[in-house]
Amino acid sequence: MTISADHSAPRTAPGSAPDRDQRPTAENAVTEAVRKFGITVEDYMLPARHQIQMVDPEGRLLAEGEQGTEPGHEYPLPGDAELLAAYEQLVVGRRVNDQNSALVRQGRMAVYPSSHGQEACQVAAALCLAEGDWLFPTYRDAVAVMTRGVDPVQTMTIFRGDWHSGYDPAQHKVGIQCTPLTTQLLHAVGVAHAAKLRGEDTVVMAMCGDGATSEGDFHEALNFAAVFHLPVIFFVQNNKYAISVPLAHQSVAPSLAHKAVGYGMAGERVDGNDVVALLAVLDRAVALARGGSGPLLVEANTYRMQAHTNADDATRYRQDSEVAEWLAKDPVTRMRTYLTDRGLLDDDGASRIAAHAEDVATQLREGLGEEVPVDPQELFRHVFSEPTPQLKEQAAMLADELARDAASGEASK
C-alpha cells in the first residue's frame, strides 16, 4: 500500500460536488500564501533580510522601518494586555530559574538546565498557543511548561530524579521534557499528523536549540512535516552553543532559519530577547499554521547566560566579555523599561508581579523539600503492560531481598 502525502479528500467524479472537507495540498497552500502576501515563493520561504526586532535592548520601540519587516514579513504590535501578561511570566520565569539553581546547590534537585536569559522565548512560545494546541519542550524549557499552566512543582519533578515527568501530558497538552536531543520533534510531528487525520483544529509548537539542528531527527521531523503539510511551528532557540560547541562549528548557513527553504516551508529570524517581537512573530506563525499554510521554522537569536547545567563549566569555552555583551540585552530589563516608559507598568504593578514570582519560588522550595516515598518495585511495574517472565523473576528476587533486609533490621533492634 502506498501512503500519499496528500491527506485531502478523494477526488470527486467529473460534474459532482467537491467534498467540503477537502484540504489543499502543500503546494497549493504555499501558492495561496504567496498570492495573499503578493510576493514570490522564494521571498515567502526565505526569512526577512534582517531579523525581526521591535524593542531595542534599551527598551525603546523601534520605528517601523527599523524593525526588519518587509513585504510578506510584516508584524503588528501585540496588544497591551498580552504584553503585560508576558512580562509577568518573564519575571516569574527569571525567579524560577534562580530558585532552581539554588535548589540544585542545596541538593534538593539533581540537575537543572537553566534558561536564564532565554525567558522571552519560553514565555512567547507558550502564550501564543490556544488551549487545544500542543507544546513539545526541550529539557531547558521548564519555564515554557509552567507558562502553559503546569504546576511548578510538577514541572520540576523530573529534575529531582523521579521516574515520571510529574504531570499528565494529555491533560496539559505538553509533552514530557526530553533529555535525548531532538526526539521531541518527532513526537511533535506525530501528534500534528494524528490531529490532521482526525480533522482537529490543533497547532503544535516544537521547541529545540541550535544543537538540535545538527541531528538527523531534525531533518526527519522537518521533512515529514513539510511533505505531509502539518500545522507545526519549529521554534529554534539559538543560544549560540550546543553545550560547548559554538554555532560556527555546527553550521555555516546564513542563519538557521534559512534551512526552512530546503524543506519547502517558510522561515523567519527574530530577536530572542525581545518578547514583543517574539509574540508578534509566533502569533502570526500559529495563525498561518492553523489556517492551512503548513509548517514554519522560526529561529530566535538569544543567549544562555548560565552554564549548560550545574555540571558544566562554561568558562572553559566562552569569554566573560561575551557574556557581558548579552547581559546588556537582558529580556526582563528590556521589557520592564518598555512597559514603564509607555505607562503600562507602575511601581504597584511591578510589586504585585514580584510578589507573585516570590510566591511561586516559595511553592517550589516547599514542594521540592518534601521527602518522596520510594517504592523499589516501581522499577518493574511500568516496563510492559504484561510483565515478562524475566521481569517477574527479577521483581521476586528484589522483593525477597527487601524482605530479608527488613527482617534483619527488626532482629537487630
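Check the entry above for the structure.
Residues numbered from 1 in each chain as written. Predicted model: local features only at pLDDT ≥ 70, side-chain atom pairs only at ≥ 80, totals over all residues. Heavy atoms only, no water.

## Some details on the packing of helix α3 (residues 80–105) against helix α10 (residues 275–290)
It is the contact of α3 with α10, at a shortest axis distance of 10 Å, that shows an interaxial angle of 115 degrees. Crossing of α3 against α10: the hand is right-handed. Residues Glu82, Leu83, Ala86 and Leu90 of α3 form the contact with α10, whose participating residues are Val275, Val276, Leu279 and Asp283. The residue makeup of the contact of α3 with α10, split by class, is six nonpolar, no polar and two charged. (Axes fitted to C-alpha atoms, helices over the stretch in contact; angles between N-to-C directions. Helix = DSSP H or I, 4+ residues; strand = E, 2+ residues; numbered from the N terminus. Left-handed = near helix turned anticlockwise from the far one by under 90°. Contact = heavy atoms within 4.5 Å. Nonpolar A, V, L, I, M, F, W, Y, C, P; charged D, E, K, R; others polar.)

## Considering the packing of aromatic side chains
Note on aromatic pairs: each is described by the distance of the centres and the angle between the planes. Applying the stated criterion to the full structure yields six aromatic pairs. Ring centres 5.5 Å apart and planes at 20 degrees place the aromatic pair tryptophan 134 and phenylalanine 136 in the stacked group. Assessed through its relative accessible area of 17%, tryptophan 134 is described here as buried. Arranged with centres 4.3 Å apart and planes meeting at 15 degrees, the rings of phenylalanine 224 and phenylalanine 228 form a pair that is stacked. For phenylalanine 224, a relative accessible area of 30% translates into the label partly exposed. Under the relative-accessibility criterion, phenylalanine 228 is labelled buried at 12%. (Phe/Tyr/Trp six-rings, centres within 6.5 Å; stacked < 30°, edge-to-face > 60°. Buried < 20%, exposed > 50% of the residue type's maximum accessible area, 1.4 Å probe, protein only.)

## Brief notes about the packing of helix α4 (residues 119–127) against α10
Put simply, α4 and α10 touch, their axes get as near as 9 Å, and they point 30 degrees apart. One element, α4, and the other, α10, form an angle in the roughly parallel class. Of the two possible hands of crossing, α4 and α10 adopt the one that is right-handed. Contacts from Ala120, Cys121, Ala124, Ala125 and Leu127 of α4 reach α10 at Val275, Leu278, Leu279 and Leu282. Of the residues belonging to the contact of α4 with α10, the class tally is nine nonpolar, no polar and no charged. (Parallel < 35°, antiparallel > 145°, perpendicular 65-115°, else oblique.)

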